[in-house]
Amino acid sequence: MQASKPQSTSESSSCSASTTCPYCGVGCGVSLELETQVQEGGELKRRITAVSGDNDHPANYGRLCVKGSALAETLSPSGRLTRPQIRDAAGVLREVSWDTALDLIAARFGELRSTHGGDSIAAYLSGQLLTEDYYLANKLFKGFIGTPHLDTNSRLCMASAVVAHKRAFGADAVPCSYEDLERAELVVLVGSNLAWNHPVLFQRLKQARIDNPLLRIVVIDPRLTDSCEIADLYLGIRPGSDARLFNGLLAYMAERGRTDRLYLEAHTQGFDAALKQAKRDDCSLSAIARDCDIDVERLETFYYWFATQLHVVTLFSQGVNQSTSGTDKGNAIINCHLVGGKIGLPGAGPFSITGQPNAMGGREVGGLANQLAAHMDYDTPGARALVSEFWKAPNLPEGPGHKAVELFAALGRGEIKALWIMATNPAVSLPDSARVRAALAACPLVIVSECMADSDTLAYADVVLPASSWSEKDGTVTNSERCISRQRGLLTPPGEARHDWWQLAEVGKRMGYQEAFDYSGPHAIFREHASHRRPPRSSGCSTSRRLRSWIARVTTRSSRSSGRYAVGKRAS
């Protein structure tokens, strides 16, 4: 009798895990079903078999949009970068070891810093990075390389809201949560097509309207969008007239006695000056309706609803932010909430909704050229000394660096000799792409950390570092309401792909900063970030109980576009 040939077998087991969606700024919780197979030789192979919304996550309570629901379908290893590459003398990218690539980066950074100074080196980051990646990049470039030129693609969409918050509250603080949408009496959408761009929040708002028939929704947008499906009132204003609309609302509330004088006197500064500035333009309903190109009866309805309701949420997004006067528009909205005391209450406040999954996390750790760390700027009293001491950083810059567009202009002028790009594709996403591509081509050293092999920016890379992606990375993200959630590393990165934080730490070690970048994992980075504290406030002003430690100030400033807008400004 012939012996039978052994059959190759594998054992499998299943489990579930929770993580966070990597798409927009809503930050939905995701529940995953995973299957683990034990293959011949004992190798483990894990795959995601099902995706659903996390019923317990406060952002979505089980809801997912079509993109989140299809996450498992995006995880094919096809098209992924799997090994480091260096461009040779013939201009061809050749695969190399991690040691070779990282040693080259550290050596070139050291040479450039010695020859041209630390500010000849720059980094361009992304709202797709985890908070731990952002934190380490900020620490390495600002604290140890000594360059202020670290910025992010989040600059392109959220910088206006950041400055508006700082003018009004003294900090980049969001005074709302998603629950406020469901507890409001009036929700105003300004420059936000919530139905397309943040569909889970749209679903929550739609359900809130069903649960509360008294809830009113106003959509303000030059375009008639799908968000108008749930609107009680639509204002198709002239593009760019947002500030005129809300300055008119400010004057309307004052003229009709709809200001909260007790709140203004206790918690704000500068109201009279702001109102005077707003009234420099004709504030009659007919003039505002004409300038905004809307029907006067619709305008008056909106003003009356806003002025007479206390629990009002104004949700604004890219239609407001992406403007040459986006900050002024944001502050015009915030001012109306301050003047009416419609802030710091359940169902009330101005709410800026972010586009990327971790733009907020980057802002928290200092991932902008004008920030240091932990919501501290270069001009925050005592901040520079505090950060330098906390990091034991020998080379912290004295002032802000180039912001996103300015950074690439400096690259084109030859002022920046090395640029490390992480998790973004500036050859396509930045404005004036021809100029950006020319600047990248002229830069002596371009490093790109990327997970996909077809990114346009790779054509300009001298060093390519394969990065891990969603479901492989482990760390945290912060959503639009400032809820911090875990992204869990559940799958093994393909080939030799490595985490972004690890790449940064290894370069730091190779530059001689072993102790400063000796982390056992992302949990150690988060622990360090969480232990960082702001210096005590030196303002001496009383603070609002509603706004906790924030000081709101209403003041005036001229807009760069036509008209003068009343805007908020940081208390001093």
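A brief look at the structure comes next. Residue numbers here run from 1 along each chain, matching the order of that chain's written sequence. For this predicted model, a pLDDT threshold of at least 70 governs which residues receive local features, and a threshold of 80 or more governs which side-chain atom pairs are given and counted, while totals over whole chains, interfaces and linings are taken from all residues. To get the side-chain values, take all heavy atoms of the structure and skip hydrogens and water.

1. A few points about the sheet that holds strand β4 (residues 85-87)
Any two strands with at least two DSSP bridges between them are considered paired. Strands are runs of DSSP state E lasting at least 2 residues, helices are runs of H or I lasting at least 4, and numbering of each runs from the N terminus. Read across the open sheet, the seven strands follow the order β5-β4-β17-β16-β15-β6-β7; overall the sheet is mixed. Looking at which strands have only one partner, the edges of the open sheet turn out to be β5 (93-95) and β7 (150-152). Each strand axis lies, on average, 20° off the axis of its neighbour in the sheet, ignoring direction. Throughout, a contact is declared for two residues whenever any of their heavy atoms are within 4.5 Å. Between the N-to-C directions of two axes lies an angle of 0 to 180 degrees, each axis being a line fitted to C-alpha atoms and, for a helix, fitted only over the stretch in contact. Against the sheet, helix α2 (residues 98-116) touches β4, β6 (121-125), β15 (418-422), β16 (445-450) and β17 (463-466), its axis set at about 130° to β17.

2. Points about the environment of T115
Tracing the backbone shows T115 in helix α2. T115 sits in the exposed class, given a relative accessible area of 59%. The definition of a polar contact used here is a pair of N or O atoms within 3.5 Å, where within protein one atom must be able to donate a hydrogen and the other to accept one, and adjacent residues in sequence count solely through side-chain atom pairs. Within polar-contact distance, the side chain of T115 engages the backbone oxygen of E111 at 2.9 Å. The cut-offs for exposure are 20% and 50% of the maximum accessible area for each residue type, with area from a 1.4 Å probe on protein chains only; residues under the lower value are buried, those over the upper are exposed, and the others partly exposed.

3. A word on the pattern of salt bridges
When the charged atoms of two side chains lie near each other, side chains of opposite charge can form a pair. Only one rule defines a salt bridge in this text: a Lys or Arg side-chain nitrogen within 4 Å of an Asp or Glu carboxyl oxygen. This structure, assessed with the given rule, holds 32 salt bridges. Of the charged contacts in the structure, one is a salt bridge between R510 and D99, with a shortest N-O distance of 2.6 Å. Of this pair, R510 sits in helix α20 (residues 500-510) while D99 is found in helix α2, placing the two residues 411 residues apart along the sequence. Note that K139 is salt-bridged to E528, the shortest N-O span being 3.0 Å. Of this pair, K139 sits in helix α3 (residues 131-145) while E528 sits in helix α21 (residues 522-530), and the two are 389 residues apart along the sequence. The exposure classification of K139 matches that of E528, with both residues buried. Each member of the salt-bridge network shares a partner with another, and the members are D99, D103, E506, K509 and R510.

4. Examining the pairing of β15
The element β15 is largely enclosed, with a buried count of five among its five residues. The alternating pattern of β15 places A418, W420 and M422 and L419 and I421 on opposite faces, both of which are buried. As paired elements, β6 and β15 share four bridges and run parallel to each other. Each residue of the ladder has a partner; that of I121, found in β15, is A418. As paired strands, β15 and β16 are joined by five bridges and run parallel to one another. Each residue of the ladder has a partner; that of L419, found in β16, is V446.

5. Overview of unusual backbone geometry
Comment: phi is negative for the bulk of residues other than glycine, and the bulk of peptide bonds are trans. Residues other than glycine seldom take positive phi values, yet A423 does so here, at roughly 60°. As for its position among the elements, A423 is in the loop between β15 and α18 (426-429). Accessibility expressed as a relative area gives 27% for A423, which makes it partly exposed. One non-glycine residue, R482, adopts positive backbone phi at about 70°. Looking at the element boundaries, R482 is found in the loop between β18 (475-478) and β19 (484-487).

6. Observations concerning the nonpolar core
What we call a nonpolar core is a set of buried Ala, Val, Leu, Ile, Met, Phe, Trp, Tyr and Cys residues that are connected through their side-chain atoms within 4.5 Å. Judged by nonpolar contacts, the single largest core of 51 residues is most densely connected at F109, L136, F141, W420 and F517. With eight residues, the single largest contributor to this core is α3. Those residues in contact with F517, other than ones at most four positions away along the chain, are L136, K139, L140, F144, A505, G508 and K509.

7. A closer look at the packing of helix α17 (residues 404-413) against helix α19 (residues 433-442)
Contact geometry of α17 with α19 gives a least axis separation of 8 Å together with a crossing angle of 50°. Viewed along their axes, α17 and α19 adopt a mutual orientation that is oblique. As α17 runs across α19, the sense of the crossing is left-handed. Residue-level inspection shows V405, F408, A409, L411 and G412 of α17 in contact with α19, the latter providing R435, V436, A439 and L440. Of the residues belonging to the contact of α17 with α19, the class tally is seven nonpolar, one polar and one charged. Here is the rule for angles: anything less than 35 degrees is roughly parallel, anything more than 145 is roughly antiparallel, 65 through 115 is roughly perpendicular, and the remaining ranges are oblique. When the near helix sits turned anticlockwise from the far one by under a right angle, the crossing is termed left-handed; a clockwise turn instead gives a right-handed crossing. Under the grouping applied here, Gly and all other residues not named as nonpolar or charged are polar, the nonpolar ones being Ala, Val, Leu, Ile, Met, Phe, Trp, Tyr, Cys and Pro and the charged ones Asp, Glu, Lys and Arg.

8. Some remarks on the side chain of T457
Take T457: it is sitting in the loop between β16 and β17. At 2.6 Å, the side chain of T457 and the side chain of N425 are in polar contact. At 3.3 Å, the side chain of T457 and the backbone nitrogen of A427 are in polar contact. The residues touching T457, leaving out its near neighbours within four places in the chain, are I421, N425, P426, A427, L440 and V448.

Remember, this is a structural readout, not a statement about activity or role.
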